[in-house]
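What follows is the residue order along each chain.
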Amino acid sequence: MRGMFIAFEGGEAAGKSTQETLLAASLVQAGRAVVRTREPGGTPAGEAIREIVLSPAYEGLDPHAEALLFAAARGEHVARIIRPALQRGAVVVCDRYIDSSIAYQGAARGLGIERVRELSLWATDGLLPDLTLVLDIDPVIGLSRVTSPDRLESESVTYHRQVRQAFLDLAAAEPNRYLVLDASATQQEIAGQIWQRVADELDAR
Ligand code: TYD
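A few points on the structure.

The local shell around the ligand holds 16 residues, among which Glu12, Lys16, Arg96, Ser101 and Gln105 are the closest. Contacts to the ligand include Glu12, whose side-chain N or O atom sits 2.8 Å from an oxygen atom. When the ligand sits alone it has 540 Å² of accessible area, and the protein chains cover 89% of it. For the shell around the ligand, the elements supplying multiple residues, two or more each, are α2 (44–54), α3 (63–87) and α4 (98–108).

Below is the structure:
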């Protein structure tokens, strides 16, 4: 059985973790081994990098350093967790992946989409998700739900609008590798749309 790599992307407080939990439960019910993980993080070194990139203590972190730290955490995560899980035939459900770097650092931070994409492709030996689920939300709504903002959540609404647009552009460019979901729909509606797509892809394998 071949593994499947599913990434969740989207703005702040779009409801990704709820949908990850529901998807993981459906997958287990369908008899699949599931590895649920997140970025930045997923390994001890990755969690240490997470502390640096999210902590408001490092306000003003150089954008290049920020992009390199996310890519470093990703390289470690792929090598130690994601590739081994896929090789065992598991379905990997990952909270954020390369597209978060493209949207947050490449587009909104202005480092350049292609450059940031190349950096992460180098870090991961080119591993891309089989399917990326984008939970699309108006950043004004998402940010209003955040109670104690981390370093990135503290960025302006303009920054977060650029993030949102970048995700939508990535999805529009490759519709067969993406599904965009309206995060204002009910949890059950969203979960239903996700399961329909994932089940179809698993059947087709
Ligand atoms: P997290 O608390 O996991 O946010 P969320 O619950 O919204 O997923 O924090 C991750 C933050 O890091 C989020 O603001 C997005 C940002 N990020 C990047 O800027 N670049 C990246 O490559 C990744 C993976 C995350």
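So, about the packing of aromatic side chains. If you walk through the whole model with that rule in mind, you get three aromatic pairs. For the pair Tyr104 and Phe167, a centre-to-centre distance of 6.4 Å together with 70° between the ring planes defines the contact as edge-to-face. Within this pair, whereas Tyr104 is found in helix α4, its partner Phe167 is found in helix α7 (residues 157–173), the two being separated by 63 residues in sequence. For Phe167, a relative accessible area of 3% corresponds to the buried category. Three or more aromatic residues link up through ring pairs in this structure, and these residues are Tyr104, Tyr159 and Phe167. Between Arg74 and the ring centre of Tyr97, over which it is positioned, the NZ or CZ distance is 5.5 Å.

Rules used throughout
- Residues numbered from 1 in each chain as written.
- Predicted model: local features only at pLDDT ≥ 70, side-chain atom pairs only at ≥ 80, totals over all residues.
- Heavy atoms only, no water.
- Near = heavy atom within 4 Å.
- Polar contact = N/O pair within 3.5 Å; in protein donor to acceptor, adjacent residues only side chain to side chain.
- Areas by Shrake-Rupley, 256 points an atom, 1.4 Å probe, with all protein chains shown as cover.
- Helix = DSSP H or I, 4+ residues; strand = E, 2+ residues; numbered from the N terminus.
- Phe/Tyr/Trp six-rings, centres within 6.5 Å; stacked < 30°, edge-to-face > 60°.
- Buried < 20%, exposed > 50% of the residue type's maximum accessible area, 1.4 Å probe, protein only.
- Lys NZ or Arg CZ within 6 Å of the ring centre and 35° of its normal.

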